[in-house]
Amino acid sequence: MAHHVILGAGPAGVIAAETLRKHAPGDRVTLVGEEREAPYSRMAIPYLLMGNIDERGTWLRKGEAHYPSLGINLRQARATQVDTAARRVQLDSGETLTFDTLLIATGSNPARAPIPGIDLPGVHSCWTLADARAIQARATQGARVLQMGAGFIGCIIMEALAMRGVHLSVVEMGDRMVPRMMGPVAGGMIRQWCEGKGVQVFTGTRVEAITQGKDNTLDVRLSNGQTLNVDLVISATGVKPSIGFLENSGVRCLQGVLTDEHMQTNVPGIYAAGDCAEAFDKVSGTTVVSAIQPNAAEQARVAALNMAGQRTELKGVTQINVLDTLGLISASFGNWQGVPGGEHAELTDLAEGRHLSLQFKGDVMVGCNSVGWTEHVGVMRGLVEGQISLGAWKDVLLKDPTQLVPAYLASAQAQGQWSGALDARRR
C-alpha cells in the first residue's frame, strides 16, 4: 500500500488528495495543512470581509467529516525539512512522515517589506483567517486605512475595504496601479476610476516608516514627504512561494519548485502544484509561477494522477487575470507587454472608460490588456491560449481592435478551436 503525502491544504492540496483517493482507492493519503484551521480558500477572504459569507463560507469543503469520510488523514502541522533520500518529511509537531510519493503544494506567503515599524500592532497582511479577524476588528465604518500595494491581490482587498465603509488610501511603488498586469494607459485608467470612487491613490510612492501614533493609531511616513495618521495598515506588497523548507533537500527550485510536464520535480516521485510550483507556459515559452486558482487546480489534478500511476501531462499554464476593481472590469492575458519584433494595436476611449491593447507575434495574438470591454474576454483568452493563426485578420485587428469576435470566429473555426471560447464569452 503506497503512502502519498501532500504538503499544503489549500485548493491544490485538497484537489490532489481527492483525486488520489478516487484513482488510488487502496492507498494511504495524508494531507498536511500548516494552519490550525479547516482547509479554506484565501480567495474567499475578501468576501468574508465584505460580510457576504461567514468563516464557514471560506471552507473548501463543507462539513468536518468530509476528509475522514474519504479516508484522507488531515494533519495540522508545518513541514520543516524534506529528506529525499530517506523519503521522509519532518513536521514542526515533531512527527516524521515517510512517503512513497510527495506533493509540494505549500502555496505562497506574503512578502514582508523591509520597513521600520512593519511589525507594529495594527499592521497586517490580508492572507489568513487570522489576518481577516484582525482586520475586521479595526476596519470599521469610518476607520482610516492605508494599504501598501495596488497589485492584483491589493485591488481585490481594496474592494472589500471599500465595502466596509473605511476611508482608504493606497500606496503603490510602481508608476501605475496593477503594474504587473496592466500597461501605463490601463493602469492609469484604473487609478482614475478608484479616485472617482473616493480612494486616495499614491503611485510612484513608498512607505518609508510606520510609527506608533496617539490613541492606538499609526503614523505612516511616505516617500513624497507626507505622513498619514491611520487606524490600520494593510500590507499587500506581493507574495512569494513558500519553499524555504526545501533548502538542502536536492529538490530544484528557481522562483518556485521546478516541474516538468507531469508536475514532477527533478526528484522522481516528488511533485509540485499551485502557487509554489514553477511550470512551463507554452505561450511565453518559459517556466512561470502563475498564482491563480484555476492553474492550481489543474496542476494538482495532473500531479495526483501521475502519483497514482496514470501518466498525464499538463497542457500548459494559463496566464490570465480578470479583475473587478470597485466595479471596473479589466483583464490581462499572456504576453501583454508584447514580444521583441512584434506588432501591437491599441484603442482608448477615455470618455467611455474603455481600453484595448493587443500584442502580436507574426499573425498570432500573444497577449492583451483590456479595461471596460467585458464582451471580449472570452475570445481574447481563446486567441492567446489557442495560439491561433489570424492570417489576414491580423491586419483587420491592427486597424480596429474591436473586431476580436469576428476575427476569432473566422480564424478559430477554421482550426476547429472556437467552441470553448464561445462558451466562455456566453458565460
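Parameters at a glance
Residues numbered from 1 in each chain as written. Predicted model: local features only at pLDDT ≥ 70, side-chain atom pairs only at ≥ 80, totals over all residues. Heavy atoms only, no water. Salt bridge = Lys/Arg side-chain N within 4 Å of Asp/Glu carboxyl O. Helix = DSSP H or I, 4+ residues; strand = E, 2+ residues; numbered from the N terminus. Buried < 20%, exposed > 50% of the residue type's maximum accessible area, 1.4 Å probe, protein only. Expected span 1.5 Å × (residues − 1). Pairing = 2+ DSSP bridges. Axes fitted to C-alpha atoms, helices over the stretch in contact; angles between N-to-C directions. Contact = heavy atoms within 4.5 Å. Disulfide = S-S within 2.5 Å. Polar contact = N/O pair within 3.5 Å; in protein donor to acceptor, adjacent residues only side chain to side chain.

For the structure shown, the criterion picks out 18 salt bridges. Its salt-bridge partner being Arg78, residue Asp92 comes within 3.8 Å of it at the nearest N-O pair. Placement of the pair is Asp92 in the loop between strand S5 (88-91) and strand S6 (96-98) and Arg78 in the loop between strand S3 (72-76) and strand S4 (79-83), with a sequence separation of 14 residues. A salt bridge links Glu298 to Arg301, with the nearest nitrogen and oxygen atoms 2.8 Å apart. Of this pair, Glu298 and Arg301 both sit in helix H7 (residues 293-307), 3 residues apart, roughly one helical turn. Take Arg301: its relative accessible area is 33%, and that puts it in the partly exposed class. Three or more residues joined by partner-sharing salt bridges are found here, namely Arg36, Arg78 and Asp92.

A few words on unusual backbone geometry. Look at Val178: it is not a glycine, yet its phi comes out positive at around 50°. In this structure, Val178 sits in the loop between strand S11 (167-172) and helix H6 (184-196). For Gln387, which is not glycine, the phi torsion reads 45° and is therefore positive. Summarising the element assignment, Gln387 is placed in the loop between helix H8 (377-386) and helix H9 (393-399).

Attention now moves to helix H5 (residues 152-163). Since the α-helix turns once every 3.6 residues, residues separated by three or four places project in the same direction. Look at H5: 18 Å from first C-alpha to last across 12 residues, which is about the 16 Å you get at 1.5 Å a residue. Looking at H5, one finds that the buried residues are Gly154, Cys155, Ile156, Ile157, Met158, Glu159, Ala160 and Leu161. Once H5 ends, the next one or two residues include Gly165, with phi positive near 80°.

Moving on: the sheet that holds strand S19 (residues 270-272). If you walk across this open sheet you meet the 5 strands as S3-S2-S1-S7-S19, and the pairing is parallel. Looking along the sheet, the strands with just one partner apiece sit at the ends: S3 and S19. This sheet shows a mean twist of 20° between the axes of neighbouring strands, independent of strand direction. The sheet contact formed by strand S1 (residues 3-7) and strand S2 (residues 28-33) spans 5 bridges and is parallel. Bridge pairing in S2 links Ile6 to Leu31.

To continue, consider the sheet that holds strand S12 (residues 200-203). In space, the 5 strands of this open sheet follow the order S9-S16-S10-S11-S12, with parallel pairing throughout. The open sheet is flanked by strand S9 (123-125) and S12, the only strands paired with a single partner. Pairwise comparison of adjacent strand axes, ignoring direction, gives a mean angle of 20° for this sheet. Across 4 bridges, S11 lies against S12 in parallel orientation. Residue pairing in the sheet places Ser169 in a bridge with Gln200 of S12. Helix H4 (residues 129-138) rests against S9 and strand S16 (232-235) of the sheet, and its axis sits at about 135° to S9. With respect to the sheet, H5 is in contact with strand S10 (144-148), S11 and S16, its orientation differing from that of S10 by roughly 170°.

The next thing to look at is the environment of Val14. Position of Val14 relative to the elements: it lies in helix H1 (residues 11-23). Remark: the alpha-carbon pair of Val14 and Ala300, spanning 286 residues in sequence, is separated by 8.5 Å. Here Val14 is in contact with Ala9, Leu31, Pro39, Leu60, Arg61 and Tyr67, once residues within four sequence places are set aside.

For the structure shown, the criterion picks out 0 disulfides. Looking at the unpaired Cys276, the closest cysteine sulfur is the one in Cys253, lying at 8.6 Å.

Before going further, it helps to examine the environment of Glu18. Take Glu18: it is sitting in helix H1. Along the primary structure Glu18 and Ile72 are separated by 54 residues, whereas in three dimensions their C-alpha atoms are 8.0 Å apart. Residues within four places of Glu18 in sequence aside, it is in contact with Arg61, His66, Leu70 and Ile72. Here the side chain of Glu18 touches Arg61 through a polar contact of 2.7 Å, side chain to side chain. Within the structure, Glu18 has its side chain in polar contact with the side chain of His66 (distance 2.8 Å).

Below, the discussion takes up the environment of Gly8. Note that Gly8 resides in the loop between S1 and H1. The class of Gly8 is buried, set by a relative accessible area of 11%. Taking the C-alpha atoms as reference points, Gly8 and Val32, separated by 24 residues in sequence, lie 5.6 Å from one another. The residues touching Gly8, leaving out its near neighbours within four places in the chain, are Gly13, Leu31, Val32, Ala105 and Thr106.

All quantities given are derived from atomic positions and should not be read as evidence of function.
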